[in-house]
Amino acid sequence: EDQAAANGAQLSSFQYRLKMRCQTLFYTEDIYAEANEMQAAMEARIAQRPDLPELERARMAADVEERRTRIKWRFLGNIRFIGELFKENVLKAPVMRECVLFLLGYDEKTNAWSETVDEQYLDAGIKLLTTVGQKLEHEDQRKRKHQTAQCFERLQAMSRDKRVTSRLRF
């Protein structure tokens, strides 16, 4: 019994740490902060050395762009992982709804959709809905709520918005 209680406490502690880590990653203000710092350092180096060869400038720019791409894929992977945690019942439906609404541009302070949404977040919101949409919708139907439908209505409205890139408008 003591071993089972210890294992349960250890699992609970692991789940708690996992949730906190996901929350930290999810609510990072600027996911591209590291790439922006690289960009600023590159620009400072170019300003200090105007005679820097074009090949070196191109290499530095490619490094920054590669870093941005890696950050984007890591962010999307974290979003998918969060969705998988929900599918395994580690995260609950209200938490998942909050994540989806946040990514699609819902502002809880004003209780309204924002006019503009960062395309990285919109892309992540679409990926998250692809991962958890069915289960989330089932939870809504079970509890007679229509919150997931609001997300799909938002996506439908955004699919007509010309400011959103055609890749995301599907």
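Right above here is the structure, for reference.
Presented here is a report on the structure given in the accompanying data block. (Residues numbered from 1 in each chain as written. Predicted model: local features only at pLDDT ≥ 70, side-chain atom pairs only at ≥ 80, totals over all residues. Heavy atoms only, no water.)

**As for the overall build of the chain**
Now for step 1: A count of helices and strands for the chain gives seven helices and two strands.
Now for step 2: Across the chain, helices and strands are ordered from the amino to the carboxyl terminus as α-α-α-α-β-β-α-α-α.
Now for step 3: Taking the contacts inside the chain whose residues are at least 6 apart along the sequence as the reference set, 66% of them involve residues at least 24 apart.
Now for step 4: Accessible surface for the chain amounts to roughly 11500 Å². Of this, 52% is attributable to carbon and sulfur atoms. (Helix = DSSP H or I, 4+ residues; strand = E, 2+ residues; numbered from the N terminus. Contact = heavy atoms within 4.5 Å. Areas by Shrake-Rupley, 256 points an atom, 1.4 Å probe, with all protein chains shown as cover.)

**Concerning helix 6 (residues 147-159)**
Now for step 1: The end-to-end C-alpha distance of helix 6, which contains 13 residues, comes to 19 Å, matching closely the 18 Å that a straight helix rising 1.5 Å per residue would cover.
Now for step 2: Where helix 6 is concerned, the buried positions are Thr148, Cys151, Arg154, Leu155 and Met158. Seen along its axis, helix 6 keeps its buried residues to an arc of 115°; they face one direction. (Expected span 1.5 Å × (residues − 1). Buried < 20%, exposed > 50% of the residue type's maximum accessible area, 1.4 Å probe, protein only. Arc of directions from axis to C-beta.)

**Examining the side chain of Thr131**
Now for step 1: Inspection of the secondary structure puts Thr131 in helix 5 (residues 119-143).
Now for step 2: Its relative accessible area of 12% is what places Thr131 among the buried residues.
Now for step 3: In this structure the side chain of Thr131 is engaged in a polar contact, spanning 3.0 Å, whose partner is the backbone oxygen of Lys127.
Now for step 4: With residues near it in sequence (within four places) discarded, Thr131 still touches Arg80, Gly83, Glu84 and Lys87. (Polar contact = N/O pair within 3.5 Å; in protein donor to acceptor, adjacent residues only side chain to side chain.)

**Quick word on the packing of helix 3 (residues 54-87) against helix 4 (residues 93-103)**
Now for step 1: Direction vectors running N to C along helix 3 and helix 4 enclose 155°, while the axes themselves pass 10 Å from each other. As the angle between them shows, helix 3 and helix 4 are arranged roughly antiparallel. Crossing of helix 3 over helix 4 shows left-handed handedness. Contact with helix 3, carried on its side by Phe75, Ile79, Ile82 and Phe86, involves Ala93, Met96 and Leu103 of helix 4 and no other residues of that element.
Now for step 2: Residue composition of the contact of helix 3 with helix 4, grouped by class: seven nonpolar, no polar and no charged. (Axes fitted to C-alpha atoms, helices over the stretch in contact; angles between N-to-C directions. Parallel < 35°, antiparallel > 145°, perpendicular 65-115°, else oblique. Left-handed = near helix turned anticlockwise from the far one by under 90°. Nonpolar A, V, L, I, M, F, W, Y, C, P; charged D, E, K, R; others polar.)

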